[in-house]
Amino acid sequence: MHKKLNPRSMKQENKRMILRYLIESGPHSRVEIAKKTGLAQSAIWRIVEELINEGLIEEKGMATGRRRRAVTYGPTRSFVTAIIYNVEVLETLVAVGFLDGTWRIVERFPTPRVFEEFKEKVKESYENILRTHTLNESISKLVFSLPGIVNTEKRLLIHAPNLGWRDVDFQKEFEGLGFDVMVENDSNLSLLAEEFFSQDVKSSSVSFFLYFGEGIGGAISVNGSIVRGKNFAAGEIGHVVLDISSNREVEDFLSISKLIAEVEKKVNLQGEFLEEKFRYLKRLWFSGEERVRKIMDNYLRCVAVVLKNVIYFLNPGVIVLGGIVNDLWETFGSFIKKELEKITDREIADVLIRDTIFKEVAPSLVGGNVLVIEEFLKSVG
């Protein structure tokens, strides 16, 4: 027996495909959309008009063709899809995300260790955002990117050791704000953002994101889906033991905050935030400052050991590095690669390793908006 195709279902899939294409690739004309999707011009015309009427896409400008200029269409920026709280141990970034995948940072504040104080900060910033931005009741969500183990289904932070928060029901804590809450681990969100915008991650059957922050995190993607595991702890490489004799974990060796603290025992680093201090550390390393170079060289050897473990354990096609520091491979890649080649079989080490494509912001923040967009795309019909 042949299963009959449901015309309504086909239309929904086509609509989702067109909207996703415009979000991922930017504004295009109807002709360009037809070439990319393979749909008939008549279907493109109907769906584009429908998306315009629903306020999801709008005219963006004109494309110059060989014969005539054509109108281009792209996702609207008339409302906020996500209010994102990118929580790090020392600082929380607040951003708004839009349907075209872009974002804007609107505030930053030191992350309180007491959750009730954090809650008050969130409410205060939320009210400020409402004064200047428009939300969409059926689409907009509050998203929390968190440095810990997160039950995404129950909107529950199971444990964030570096914050001292445990068993926090985010949906319940923020239900008074009137919008659905979504929570996710910062590493998972970072890989989700890469998966949405990067072709190499899209085409890789297995990908890994190594997140450098106050702690160390990891995320795994298999065939386009984030692997969270039975208890949502998949990818938590920071808690893998790297030194059995002392029971020290990966986080003890690769944490950016611990690296900075070790360097500052020898040299004063300029800057208020970790990323600023790390930039100054790089300048000292390149200048040949012996004390800094010794500490940093040892740090980079540890990075190579962790990458070796990831390569042998997961055999990924792509490993992405990022977080608070988003240029580690660009800056130190040649050194790390040499160290990696010393301890890894050449055939196995043939893996694409690169920095995240998001240079000016934590990739987890971008992923917070992508999380909402992906959720919304499922409902498009």
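Attention here is on the structure that accompanies the text. What you see is a predicted model, and the numbers here were worked out from it, not measured in a lab. (Residues numbered from 1 in each chain as written. Predicted model: local features only at pLDDT ≥ 70, side-chain atom pairs only at ≥ 80, totals over all residues. Heavy atoms only, no water.)

## Some thoughts on the layout of surface pockets
Just so we agree on the cut-off: Residues are called lining when one of their atoms sits within 4 Å of a cavity or pocket point, these points coming from a 1 Å grid over the protein atoms alone, where a cavity is a set in which a 1.4 Å probe fits but cannot get out and a pocket is an open set with protein on both sides within 12 Å along at least five of seven lines. Grid points are joined across faces, edges and corners, and a volume is the space filled by probe spheres set on the points. Numbered from the N terminus, helices here are DSSP runs of H or I no shorter than four residues, and strands are runs of E no shorter than two. Side-chain classes are defined by residue name, with Ala, Val, Leu, Ile, Met, Phe, Trp, Tyr, Cys and Pro counting as nonpolar, Asp, Glu, Lys and Arg as charged, and the others, Gly among them, as polar.
Put simply, the largest pocket is a space of about 670 Å³. No other element matches helix H10 (residues 274-287), which puts six residues into the lining of the largest pocket. Partitioning the lining of the largest pocket into residue classes produces eleven nonpolar, five polar and twelve charged.

## Points about empty space enclosed by the protein
The final tally for this structure, using the stated rule, is one cavity of 30 Å³ or more. Of the volumes computed, that of the largest cavity is approximately 40 Å³. As for the largest cavity, its lining consists of Gly 148, Ile 149, Val 150, Asn 185, Asn 188, Arg 228, Phe 232, Ala 234 and Glu 236. Here the lining of the largest cavity is built from residues that sort into four nonpolar, three polar and two charged.

## A look at the packing of aromatic side chains
Note the following rule: Here a Phe, Tyr or Trp ring, Trp counted by its six-membered ring, pairs with any other such ring whose centre lies within 6.5 Å, and the pair is stacked when the planes are under 30 degrees apart, edge-to-face when over 60, and tilted otherwise. Exposure classes here rest on a 1.4 Å probe applied to the protein chains alone. A residue is buried below 20% of its type maximum, exposed above 50%, and partly exposed in between. Here, a charge over a ring means that NZ of Lys or CZ of Arg falls within 6 Å of the ring centre while also lying within 35 degrees of the ring normal.
Scanning the entire structure with this criterion turns up 19 aromatic pairs. On the basis of an interplanar angle of 40° and a centroid distance of 5.8 Å, the ring pair of Phe 115 and Phe 118 is categorised as tilted. Taken together, the residues Phe 115 and Phe 118, both in helix H4 (residues 115-132) and three residues apart, mark about one turn of the helix. The exposure classification of Phe 115 matches that of Phe 118, with both residues buried. The structure contains a cluster of three or more aromatic residues connected by ring pairs, namely Tyr 85, Phe 109, Phe 115, Phe 118, Phe 144, Trp 165, Phe 170 and Phe 174. One residue, Arg 293, lies across the ring of Trp 285, its end atom 4.1 Å from the ring centre.

## Details of the sheet that holds strand E11 (residues 181-185)
For the record, the criterion: Whether two strands pair depends on DSSP finding at least two bridges between them. Angular values range over 0 to 180 degrees, each being the angle between N-to-C directions of two axes fitted as lines to C-alpha atoms, with helices fitted over their stretch in contact. Two residues form a contact once any of their heavy atoms are found within 4.5 Å.
Strand order in the open sheet formed by five strands is E6-E5-E4-E7-E11, and the pairing between neighbours is mixed. Whereas interior strands pair on both sides, the edge strands pair on one side only; in this sheet they are strand E6 (103-110) and E11. In this sheet, adjacent strand axes meet at a mean angle of 20° when their direction is disregarded. Here strand E4 (residues 80-87) runs beside strand E5 (residues 91-98); their pairing, made up of seven bridges, is antiparallel. Among the inter-strand pairings, Ile 84 is bridged to a residue of E5, identified as Ala 95. Each of strand E7 (141-146) and E11 is contacted by helix H6 (residues 186-197), which is oriented at about 95° to E11, the strand it contacts most.

## Remarks on the packing of helix H2 (residues 30-37) against helix H3 (residues 41-53)
Put simply, the test is: Note on convention: the crossing is left-handed when the near helix lies turned anticlockwise from the far helix by less than a right angle, right-handed when the turn is clockwise.
Across the interface, H2 lies against H3 with an axial gap of 10 Å and an inter-helix angle of 120°. For the pair H2 and H3, the crossing hand works out as right-handed. Counting all contacts with H2, which are made through Arg 30, Val 31, Ile 33, Ala 34 and Thr 37, the residues of H3 involved are Gln 41, Ile 44, Trp 45, Val 48 and Glu 49. Among the residues forming the contact of H2 with H3, the class breakdown is six nonpolar, two polar and two charged.

## Thoughts on a negative patch on the surface
Stated formally: Exposure above 30% relative accessible area and no salt bridge define the residues that can form patches, which grow by joining like charges within 9 Å and nonpolar side chains of Val, Leu, Ile, Met, Phe, Trp and Tyr within 5 Å. Note on areas: Shrake-Rupley with a 1.4 Å probe; residue coverage comes only from the protein chains shown. The salt bridge criterion pairs a side-chain nitrogen of Lys or Arg with a carboxyl oxygen of Asp or Glu, the two atoms within 4 Å. Note that His is not counted, nor are the chain ends; the positive residues are Lys and Arg, and the negative ones are Asp and Glu. Just so you know, the charge point we use is NZ for Lys, CZ for Arg, CG for Asp and CD for Glu.
A cluster of acidic side chains, namely Glu 116, Glu 120, Glu 124 and Glu 127, defines a negative patch on the protein surface. Structurally, the position occupied by Glu 124 is in helix H4.

## Some remarks on helix H12 (residues 328-343)
Worth spelling out the cut-off: Here the bend at each residue means the angle between axes fitted to two seven-residue stretches, the one ending at that residue and the one beginning there.
The principal kink in H12, of about 50°, is found at Ser 334. Of all the residues in H12, the buried ones are Leu 328, Trp 329, Thr 331, Phe 332, Gly 333, Phe 335, Ile 336, Glu 339 and Leu 340.

## Regarding the sheet that holds strand E17 (residues 318-323)
With mixed pairing, five strands are arranged side by side in an open sheet as E14-E13-E12-E17-E18. The open sheet has two edge strands, strand E14 (225-227) and strand E18 (352-355), and neither has a second partner. Averaged over all adjacent pairs, the angle separating strand axes in this sheet is 25°, with direction ignored. Relative to E18, E17 runs parallel, the two sharing four bridges.

## What about the pairing of strand E12 (residues 206-212)?
Most of E12 is tucked away, with seven of its seven residues classed as buried. Side-chain alternation along E12 places Val 206, Phe 208, Leu 210 and Phe 212 on one buried face and Ser 207, Phe 209 and Tyr 211 on a second face that is also buried. The sheet contact formed by E12 and strand E13 (residues 216-222) spans seven bridges and is antiparallel. Each residue of the ladder has a partner; that of Leu 210, found in E13, is Gly 218. As consecutive antiparallel partners, E12 and E13 are separated by three residues. Relative to E17, E12 is paired through six bridges, and the arrangement is parallel. Counterpart to Phe 209 in the pairing with E17 is Val 320.

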